[in-house]
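Residue-level listing of the chains:
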Amino acid sequence: VALPSLRLSALRLAVAMAVSSGAASLEAAALVSEADKPDPADLAAIRDIGPDAIVFHAGPDGTLRATLRP
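Residues numbered from 1 in each chain as written. Predicted model: local features only at pLDDT ≥ 70, side-chain atom pairs only at ≥ 80, totals over all residues. Heavy atoms only, no water.

### Examining a nonpolar patch on the surface
Inference 1: On the surface, Val1, Leu3, Leu6, Leu13 and Met17 cluster together to form a nonpolar patch covering roughly 430 Å² of accessible area.
Inference 2: Summarising the element assignment, Leu13 is placed in helix H1 (residues 10-20).
Inference 3: Residue classification places Leu13 among the partly exposed residues on the basis of a relative accessible area of 32%. (Patch = residues over 30% accessible without salt bridge, like charges linked within 9 Å, V, L, I, M, F, W, Y side chains within 5 Å. Areas by Shrake-Rupley, 256 points an atom, 1.4 Å probe, with all protein chains shown as cover. Salt bridge = Lys/Arg side-chain N within 4 Å of Asp/Glu carboxyl O. Helix = DSSP H or I, 4+ residues; strand = E, 2+ residues; numbered from the N terminus. Buried < 20%, exposed > 50% of the residue type's maximum accessible area, 1.4 Å probe, protein only.)

### Quick word on the side chain of Asp42
Inference 1: Relative to the helices and strands, Asp42 resides in helix H2 (residues 40-49).
Inference 2: On the basis of relative accessibility, which here comes to 6%, the residue Asp42 falls in the buried class.
Inference 3: One polar contact links Asp42 to Arg12, side chain to side chain, over a distance of 2.7 Å.
Inference 4: Look past the residues within four positions of Asp42 in its chain and what remains in contact with it is Ser9, Leu11 and Arg12. (Polar contact = N/O pair within 3.5 Å; in protein donor to acceptor, adjacent residues only side chain to side chain. Contact = heavy atoms within 4.5 Å.)

### Structural notes on the sheet that holds strand E3 (residues 28-32)
Inference 1: Across the sheet, three strands lie side by side as E3-E4-E5; this open sheet has mixed pairing. Edge positions in the sheet fall to E3 and strand E5 (64-68), since each of these pairs with one other strand and no more. Ignoring which end each strand starts from, the neighbouring axes of this sheet average 15° apart.
Inference 2: On the sheet, H2 packs against E3, strand E4 (54-58) and E5 and is oriented at approximately 150° with respect to E4. (Pairing = 2+ DSSP bridges. Axes fitted to C-alpha atoms, helices over the stretch in contact; angles between N-to-C directions.)

### Overview of H1
One full turn of an α-helix is made of 3.6 residues, so residues set three or four places apart face in the same direction.
Inference 1: For H1, the set of buried residues is Leu11, Val15 and Ala18. Along H1, the residues classed as buried sweep out an arc of 60° about the axis, all on the same side. Every exposed residue of H1 that faces more than 90 degrees away from the buried side is listed here: Ala10, Met17 and Ser20.
Inference 2: In the core, the buried residues of H1 are packed alongside E3 and H2.
Inference 3: Phi turns positive one or two residues past the end of H1, at Gly22, with a value near 105°. (Arc of directions from axis to C-beta.)

Put into structure tokens, the structure is as follows:
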């Protein structure tokens with residue numbers, strides 16, 4: 001989401017949707033991006049609801065770049 005008053009990544013949107021749907025926690029998250037490292041704000045959103053969640057970061061070609069643990 002890229003509005004003048006609101007910027008929200010797909011991962012943060014997924015976390016928001018999970019919370020609004022009643023999810024109490026997250027076990028894992030998958031992120032596909034061209035960036036070398038995930039945005040710290042994305043990781044913070046995941047940690048807010050899933051402090052022990054594993055984050056899989058892959059490139060656009062599907063290659064796993066990192067498995068991030070708390």
